[in-house]
Amino acid sequence: SPVELVRDTRQLLLYVDQLPTSFDAQGNEKMTQLMKNVCEMRSILYGNRESEPSPQICAQLTQEILQDDTMRLLITLLPKLDLEVQKDVTLVVVNLQRQQVQSRLIACDYLEANKD
């Protein structure tokens, strides 16, 4: 579910934030899991070969990411992520800005309110 996906992703991002520039096998494992989570977020927002994105699930994912400041972590930790993860995070952040929730672009409102 989007709630669990965002919660898990947030924990992984907080872990990555604490990592030194070179990290051990556990760090690699966490980075791999983060890559899978971000890829799953991208699939939810953009759909995949088998299905189109669900507006309800996209809205739920958008709300969850903004609710607990995961969006801020995704953006601020971008330089610490692998190139492929950076690409997926960029796609996720761009798509979130286009997601309407109750006829509002809440990600844009979030970014406007959190310019730091």
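Here, the structure is the one placed above.
Residues numbered from 1 in each chain as written. Predicted model: local features only at pLDDT ≥ 70, side-chain atom pairs only at ≥ 80, totals over all residues. Heavy atoms only, no water.

Participant: What's the story with the overall build of the protein in this structure? I'm lost.
Facilitator: Per the secondary structure count, the protein includes 6 helices and 0 strands. In the protein, the succession of helices and strands from N to C terminus is α-α-α-α-α-α. Counting every position in the protein, which comprises 116 residues, the buried fraction comes to 36%. Long-range pairs, those at least 24 residues apart, make up 68% of the contacts in the protein with a sequence separation of at least 6. (Helix = DSSP H or I, 4+ residues; strand = E, 2+ residues; numbered from the N terminus. Buried < 20%, exposed > 50% of the residue type's maximum accessible area, 1.4 Å probe, protein only. Contact = heavy atoms within 4.5 Å.)

Participant: Explain helix α3 (residues 55-67) to me, please; I cannot follow it from the model alone.
Facilitator: The periodicity of an α-helix, 3.6 residues per turn, causes residues three or four places apart in sequence to face the same way. Its 13 residues give α3 an end-to-end C-alpha distance of 18 Å, which sits within 8% of 18 Å, the value for a rise of 1.5 Å per residue. Just beyond α3, the residue with positive phi is D69, at close to 65 degrees. (Expected span 1.5 Å × (residues − 1).)

Participant: Whenever I open this one, the nonpolar core confuses me. Can you help?
Facilitator: Considering soluble globular proteins, one finds that nonpolar side chains tend to be buried as a cluster. L34, L61 and I65 are the most contacted members of the largest nonpolar core, which has 27 residues in total. Counting only elements with at least two residues in this core, the list comes to α1 (2-18), α2 (25-46), α3, α4 (70-76) and α5 (83-98). (Core = buried A, V, L, I, M, F, W, Y, C linked by side-chain atoms within 4.5 Å.)

Participant: Would you mind showing me how to read α5 here?
Facilitator: Given a rise of 1.5 Å per residue, 16 residues ought to cover 22 Å, and the 23 Å separating the end C-alpha atoms of α5 matches this to within 8%. Three or more residues of α5 are buried, namely V85, D88, V89, V92, V93, N95 and L96. The buried residues of α5 occupy one face: seen down the axis, they fall within an arc of 165 degrees. Set apart from the buried face of α5 by more than 90 degrees, the exposed residues are L83 and R98. (Arc of directions from axis to C-beta.)

Participant: I'm lost on unusual backbone geometry in this one. Help?
Facilitator: Note: most residues except glycine have negative phi, and most peptide bonds are trans. Positive phi, close to 65 degrees, is recorded for D69, a residue that is not glycine. Within the fold, D69 resides in the loop between α3 and α4. D69 sits in the partly exposed class, given a relative accessible area of 29%.

Participant: Help me understand the packing of aromatic side chains in this model?
Facilitator: To describe a pair of aromatic rings, you give the distance between the ring centres and the angle between the ring planes. Considering all chains together, one arrives at 0 aromatic pairs under this definition. Across from the ring centre of Y15, 5.2 Å away, lies the NZ or CZ of K30, which sits over that ring. (Phe/Tyr/Trp six-rings, centres within 6.5 Å; stacked < 30°, edge-to-face > 60°. Lys NZ or Arg CZ within 6 Å of the ring centre and 35° of its normal.)

Participant: Help me understand the side chain of E64 in this model?
Facilitator: Here E64 lies in helix α3. Once residues within four sequence positions are removed from consideration, E64 is found in contact with P2, V3 and V6.

Participant: So what exactly am I meant to see when it comes to the side chain of N95 here?
Facilitator: Along the polypeptide, N95 turns up in helix α5. Other than its neighbours up to four places away in sequence, N95 contacts L45 and Y46.

Participant: Is there a simple way to explain a nonpolar patch on the surface in this structure?
Facilitator: A surface patch of nonpolar side chains, amounting to about 230 Å² of accessible area, comprises Y46, L91 and V94. Structurally, V94 can be placed in helix α5. Since its relative accessible area comes to 38%, V94 is described here as partly exposed. (Patch = residues over 30% accessible without salt bridge, like charges linked within 9 Å, V, L, I, M, F, W, Y side chains within 5 Å. Areas by Shrake-Rupley, 256 points an atom, 1.4 Å probe, with all protein chains shown as cover. Salt bridge = Lys/Arg side-chain N within 4 Å of Asp/Glu carboxyl O.)

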